[in-house]
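# Structural characterization, general
Listed below are the residues making up each chain.
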Amino acid sequence: MTDRVFTITGGFGILGQAVARAALAGGARVALIDFAAEGRGLPEGVLAIGGVDLSDQTQAEGAMAKVAQAFGCLDVLVNVAGGFVWQTLEGGDLAAWSRMFTLNTLTCATACKAALPHLLAAGAGRIVNVGAGGAVKAAAGMGAYAASKAGVHRLTESLAEELKGKVTVNAVLPSIIDTPTNRADMPDADFAAWVTPGEVAQAILWLASDAASGVTGALLPVSGRV
Ligand SMILES: NC(=O)c1ccc[n+]([C@@H]2O[C@H](COP(=O)([O-])OP(=O)(O)OC[C@H]3O[C@@H](n4cnc5c(N)ncnc54)[C@H](OP(=O)(O)O)[C@@H]3O)[C@@H](O)[C@H]2O)c1
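A brief structural summary. Just so you know, these numbers come straight off a predicted model, no measurement behind them. (Residues numbered from 1 in each chain as written. Predicted model: local features only at pLDDT ≥ 70, side-chain atom pairs only at ≥ 80, totals over all residues. Heavy atoms only, no water.)

## Side note on the overall build of the protein chain
In terms of regular secondary structure, the protein chain is built from six helices and seven strands. Going from the N terminus to the C terminus, the protein chain shows its helices and strands as β-α-β-β-α-β-α-β-α-β-α-α-β. For 226 residues, the compact-globule formula gives about 17 Å, and the C-alpha radius of gyration of the protein chain, at 17 Å, lands near that figure. For the C-alpha atoms alone, the extent of the protein chain along its principal axes is close to 50 × 35 × 35 Å. Put simply, the protein chain has 226 residues, and 48% of those count as buried. Across the protein chain, the fraction of contacts at a sequence separation of at least 24, relative to all contacts at a separation of at least 6, is 66%. (Helix = DSSP H or I, 4+ residues; strand = E, 2+ residues; numbered from the N terminus. Rg over C-alpha atoms; globule rule 2.2 N^0.38 Å. Buried < 20%, exposed > 50% of the residue type's maximum accessible area, 1.4 Å probe, protein only. Contact = heavy atoms within 4.5 Å.)

## Details of the site of the ligand
Lining the immediate surroundings of the ligand are 25 residues, of which Asp34, Val80, Lys149, Ile177 and Asn182 lie closest. For the ligand, a nitrogen atom lies 3.2 Å from a polar atom in the backbone of Val52. The backbone of Ile177 places a nitrogen or oxygen atom 2.9 Å from an oxygen atom of the ligand. Contributing elements (two or more residues each) for the shell around the ligand: α1 (14-25), α3 (95-122) and α4 (143-162). Grouping the constituent residues of the shell around the ligand by class yields 14 nonpolar, eight polar and three charged. (Near = heavy atom within 4 Å. Polar contact = N/O pair within 3.5 Å; in protein donor to acceptor, adjacent residues only side chain to side chain. Nonpolar A, V, L, I, M, F, W, Y, C, P; charged D, E, K, R; others polar.)

## Here we look at helix α2 (residues 57-71)
For an α-helix, 3.6 residues make a turn, and residues three or four places apart therefore share a direction. Here α2 is 15 residues long and its end C-alpha atoms lie 21 Å apart, about the 21 Å a rise of 1.5 Å per residue gives. For α2, every residue scored as buried is listed here: Ala60, Ala63, Met64, Val67, Ala68 and Phe71. End-on view of α2: buried residues confined to an arc of 135°, all on one side of the axis. Exposed residues pointing more than 90 degrees away from the buried face of α2 are listed as Thr58 and Gln69. (Expected span 1.5 Å × (residues − 1). Arc of directions from axis to C-beta.)

## Thoughts on the state of the cysteines
In the structure shown here, the tally under the stated rule is zero disulfides. Looking at Cys73, it has no disulfide partner, and the nearest cysteine sulfur is the one in Cys112, 18 Å off. By relative accessible area, Cys112 is classed as buried at 3%. (Disulfide = S-S within 2.5 Å.)

Following this line, the structure appears as structure tokens:
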């Protein structure tokens with residue numbers, strides 16, 4: 001990873017920070033882009049670009065240009081930005097479907113499009129998206145979320161075909177990640193079975209590495225011990 005430039009969307013969040021730490025430990029240079037104005041407890045040495053709505057093409061392009069200007073290039077895009085909702089169709093609101101699409105599918109497509117000129121210029125560019133195991137087969141209450149993450153899966157496959165030989169495009173599909181929010185929401189669960197943010201980060205790092213140069217269009221389940 002030495003000197004490779006990573007851009008991590010949703011980089012101020014739990015998983016984004018774990019990916020940042022893993023990439024920095026591998027010798028990469030790291031930029032974090034996030035909707036929040038400021039990140040808390042960010043690792044030292046990262047370029048933090050806050051206040052960016054990645055569903056907006058102009059804002060996404062501006063943020064990617066800042067990364068390329070600061071580091072001289074952009075080699076790896078990791079799309080972590082996203083979110084979750086659980087609601088039944090009967091009891092839920094239909095607006096959640098467009099919210100989930102914007103938050104998960106559109107931010108991913110927009111960030112990929114904005115980063116693409118830089119990734120193509122880099123040579124061996126890499127895109128790693130964060131999908132979801134729960135979008136392979138949706139459980140009750142997971143319709144809007146799973147549909148939006150399935151969109152990320154299909155985008156990953158389609159873009160891998162489009163960019164074959166130029167940029168690899170893959171996705172990790174975590175199951176439940178061991179985060180404080182999930183522990184609070186499911187206090188009786190077996191936390192040890194859940195995949196840790198660090199474990200998901202290592203899978204992402206592998207897909208971004210030279211070792212995975214022959215892998216593109218893969219949807220890699222990262223399920224921990226569930
Ligand atoms: N947690 C799980 O169990 C789990 C399981 C499977 C997949 N995933 C996926 O893994 C990813 C990270 O999860 P996490 O638990 O680390 O979530 P998180 O802590 O909430 O991090 C997501 C980050 O994305 C940012 N973001 C949201 N919308 C954005 C936008 N329009 N533009 C720029 N940044 C935006 C959020 O900023 P704000 O907070 O300011 O909105 C937040 O910092 C998500 O894609 C999630 O769907 C999570």
